[in-house]
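Here's the letter readout for the chains.
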Number of protein chains: 2
Amino acid sequence: MTEPHRSGCPINLTLELLGDRWSLIVIRDIIFGNRRYFRELLTQSEEGIASNILADRLKRFVENGLLTRTDDPDHRQKALYSLTEPAIQLVPLLAQIGAWGRRYTPATHELSVRAQLLEEGGPKLWAAFMQELRSIHLGAPSKGRSVIATLQSAFERAVGESARPKARQ
Amino acid sequence: MTEPHRSGCPINLTLELLGDRWSLIVIRDIIFGNRRYFRELLTQSEEGIASNILADRLKRFVENGLLTRTDDPDHRQKALYSLTEPAIQLVPLLAQIGAWGRRYTPATHELSVRAQLLEEGGPKLWAAFMQELRSIHLGAPSKGRSVIATLQSAFERAVGESARPKARQ
DNA sequence: ACAACCAGTTGCAATATGCAATCACATGGG
DNA sequence: CCCATGTGATTGCATATTGCAACTGGTTGT
């Protein structure tokens, strides 16, 4: 067996898996946008991901254990993507990326609301949010959905109908 | 003026800047490996970055305000790269990436030591480390260098002379 | 003078990405 | 049944990025 990795450094290995322009965009939309179907991820993407790139990333994530793919019971053709625990553990990472981007990139105010809430909430909010993701994607028990509701409604209010997704097929 | 960005989302904008296989590797080596010269970054890179990629990234980082480039006073030909505050603020992000990679990628034990120390130290250690980076790269006052010393020596001990960099020119 | 070293640049093949068109299959309505 | 629509992709092709070796123009040390 040959070693396909550039090095065994944890930062490097994470970059080999997620270090490109689209991977974390897809994860972000599943986690914070609650998108679970190919078509949702394709057409409701703020950045306009191409269908072949999306297909490739979803396939790679399933192969690497970040997502699971199951058939939708109501629609045989539809595939439902669910987060695994490793993917849920990316929440702190995405929160840090969002916090950094909010300070040091020309992010628009409306799209920064979500990052700001996550930053102000801190690790406690992240943990509550992750627990709710577990209840949605892994079937874990939950006590409420206040965090999801807060983040979702803040995001929807900020973006709302004004966002014109650049859908393609 | 046309808008060159895919969206104003802070996560997206951060990915447009740092979302590739090499950018954070270079930042990591400057921050944790204390490498400040082109040749150091090129030949002491664990992953073996190519010289044109390194040149491109350094140039982009200077353009985007993540690094500053100054001439070495002792050596006219040598260029010294220094971290700016935005780059120093990437420490928490790199710590999260390392922590995730340590759990969910096949990272080698020796290269995970640094990530483990950062994870166990938490935000307090990050802040102390960042303050020391400011004293080194920005000339800020400092009270000591225990954090750098700890991280550096742990890393050097783990990698030591065993690391054979794949240098190219 | 001369070898060694410095920060890059150049040329070129291989690979990855972006994008539109297309595919096979499933569902729903008449 | 027939056909429009929606599904998760795949294909072809142009462009962009990467990997790699060779090379450049200048500097330093002896």
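Numbering of residues begins from 1 in every chain and follows the order in which that chain's sequence is written. In the order they appear in the text, chains get letters beginning with A and ligands get numbers beginning with 1. Local features in this predicted model are restricted to residues whose pLDDT is 70 or higher, and side-chain atom pairs enter the listing and the counts only when it is 80 or higher, whereas totals over whole chains, interfaces and linings include all residues. Heavy atoms throughout the structure, all of them, feed into the side-chain values; hydrogens and water do not.

Student: So, the interface of chain A and chain B: which residues are in play, and what are the values?
Tutor: Put simply, an interface is often sized by how much accessible area is lost when its parts join up. We call two residues contacting when some pair of their heavy atoms lies within 4.5 Å. The interface of chain A with chain B comprises 49 residues on the first partner and 49 residues on the second. Counting each side, the surface lost to burial between chain A and chain B is near 4,000 Å², with a carbon and sulfur contribution of 69%. Buried area adds together the accessible area that both of two parts lose upon being put together, with accessible area traced by a 1.4 Å probe. When the buried area of chain A at its contact with chain B is split by residue, A:Arg6, A:Arg21 and A:Trp100 rank highest and sum to 19% of it. Any carboxyl oxygen of Asp or Glu that lies within 4 Å of a side-chain nitrogen of Lys or Arg is treated as forming a salt bridge with it. Linking chain A with chain B are 0 salt bridges, by the criterion used here. Side-chain atoms alone can form a polar contact between residues adjacent in sequence; in general such a contact is a pair of N or O atoms within 3.5 Å, and within protein one must be able to donate a hydrogen while the other accepts it. Taken together, chain A and chain B are joined by 12 residue pairs in polar contact (both at pLDDT 80 or more). For the purposes of this entry, the term helix denotes a DSSP run of H or I that reaches at least four residues, the term strand denotes a run of E that reaches at least two, and both are numbered from the N terminus. Broken down by secondary-structure element, the contributors of at least two residues to the side of chain A that touches chain B are helix H1 (10-18), helix H2 (23-32), helix H5 (85-88), helix H6 (91-104) and helix H7 (109-137) of chain A. Looking at the side of chain A that touches chain B, the element that brings in the most residues is H6(A), giving 10 residues. Lys, Arg, Asp and Glu make up the charged group, whereas Ala, Val, Leu, Ile, Met, Phe, Trp, Tyr, Cys and Pro make up the nonpolar group; the residues left over, Gly among them, are polar. Split by residue class, the side of chain A that touches chain B holds 24 nonpolar, 13 polar and 12 charged.

Student: How would you summarise the packing of helix H2 (residues 23-33) of chain B against helix H6 (residues 91-104) of chain B if you had to cite specific residues and measurements?
Tutor: All names here are of chain B. An axis is simply a line fitted to the C-alpha atoms; with a helix, the fit covers only the stretch in contact. Between two such axes, the angle follows the N-to-C directions and lies from 0 to 180 degrees. Where H2 contacts H6, the axes come no closer than 11 Å and their chain directions differ by 110°. Judged by the angle between their axes, H2 and H6 are roughly perpendicular. Contacts between H2 and H6 involve Leu 24, Ile 27, Arg 28, Ile 31 and Phe 32 on the former and, on the latter, Val 91, Leu 94 and Ile 97. Throughout, the term roughly parallel applies to angles under 35 degrees, roughly antiparallel to angles over 145, roughly perpendicular to angles from 65 to 115, and oblique to all others.

Student: Hey, could you go over helix H4 (residues 51-63) of chain A for me, with residue numbers and the actual values?
Tutor: Residue and element names in this part refer to chain A. The terminal C-alpha atoms of H4, which comprises 13 residues, lie 18 Å apart, in line with the 18 Å expected from a rise of 1.5 Å per residue. For H4, the complete set of buried residues consists of Leu 54, Arg 57, Leu 58 and Phe 61. Here the buried residues of H4 occupy an arc of 100° about the axis, which is enough to place them on one side. For H4, exposure combined with an orientation more than 90 degrees from the buried face picks out Asn 52, Lys 59 and Glu 63. Buried residues in H4 make contact with H1, H2, helix H3 (38-43), strand S1 (67-72) and strand S2 (75-83). The length a helix should cover is 1.5 Å for every residue beyond the first. To sort residues, take the accessible area from a 1.4 Å probe on protein chains only and compare it with the maximum for the residue type: under 20% means buried, over 50% means exposed, and anything in between is partly exposed. The arc refers to the directions leading from the helix axis to the C-beta atoms.

Student: Could you give me a rundown of the pairing of S2(A), with the residues and numbers involved?
Tutor: Along any regular strand, the residues point their side chains to alternate faces of the sheet. All names here are of chain A. Alignment of S1 against S2, held across 6 bridges, turns out to be antiparallel. Bridging across to S2, Thr 68 finds its partner in Ser 82. By the convention used here, strands pair only if DSSP detects at least 2 bridges between them. Between S1 and the antiparallel strand that follows it, S2, lie 2 residues.

Student: Describe the relation of the copies chain A and chain B, listing the residues and the values that go with them.
Tutor: At an RMSD of 0.1 Å, chain A and chain B line up after a rotation of 180° and a shift of 0.0 Å along the axis. In short, the pair behaves as if placed about a two-fold rotation axis. By C-alpha distance to the rotation axis, the residue of chain A lying nearest is A:Asp20, at 2.2 Å. Residue by residue, 100% of the interface of chain A is reproduced at the interface of chain B, so both copies engage with the same surface. The fit set for superposing copies consists of C-alpha atoms from residues with pLDDT of at least 70 in both; the fit itself is least squares.

Student: Tell me about the pattern of salt bridges, and please be specific about residues and values.
Tutor: Residue and element names in this part refer to chain A. This structure, assessed with the given rule, holds 18 salt bridges over all chains. When the shortest N-O distance is used, the salt bridge between Glu 16 and Arg 6 registers 3.5 Å. Note that Glu 16 is positioned in helix H1 and Arg 6 in the segment before H1, a separation of 10 residues in sequence. Classification of Glu 16 as buried rests on a relative accessible area of 17%. Exposure remark for Arg 6: the relative accessible area of 18% places this residue in the buried category. Among the salt bridges present, the one from Glu 119 reaches Arg 102, with a minimum N-O distance of 3.0 Å. Within this pair, whereas Glu 119 is found in helix H7, its partner Arg 102 is found in helix H6, the two being separated by 17 residues in sequence.

Student: Requested: an account of the confidence of the model for chain A, with residues and values cited.
Tutor: When pLDDT is averaged along chain A, the result is 86, and 83% of the positions lie at 70 or above. pLDDT under 50 marks residues 161-169 of chain A. Its contacts with residues more than four places away, or in other chains, come to 14 contacts. Residue-level confidence of the predictor is what pLDDT reports, using numbers from 0 through 100.

Student: Can you explain the side chain of B:Ser112? Please cite residues and give values.
Tutor: In this fold, B:Ser112 is placed in helix H7 (residues 109-137). Other than its neighbours up to four places away in sequence, B:Ser112 contacts A:Pro10, B:Arg102 and B:Ala107.

Student: Quick rundown of the packing of H2(B) against H7(B)? Include the residues and the values.
Tutor: All names here are of chain B. Contact pair H2 / H7: the axes reach a minimum separation of 11 Å and the direction vectors enclose 80°. In terms of their interaxial angle, H2 and H7 are classed as roughly perpendicular. Contacts between H2 and H7 pair Arg 28, Ile 30, Ile 31 and Phe 32 from the former with Arg 114, Leu 118, Phe 129, Leu 133 and His 137 from the latter. By residue class, the composition of the contact of H2 with H7 is 6 nonpolar, 1 polar and 2 charged.

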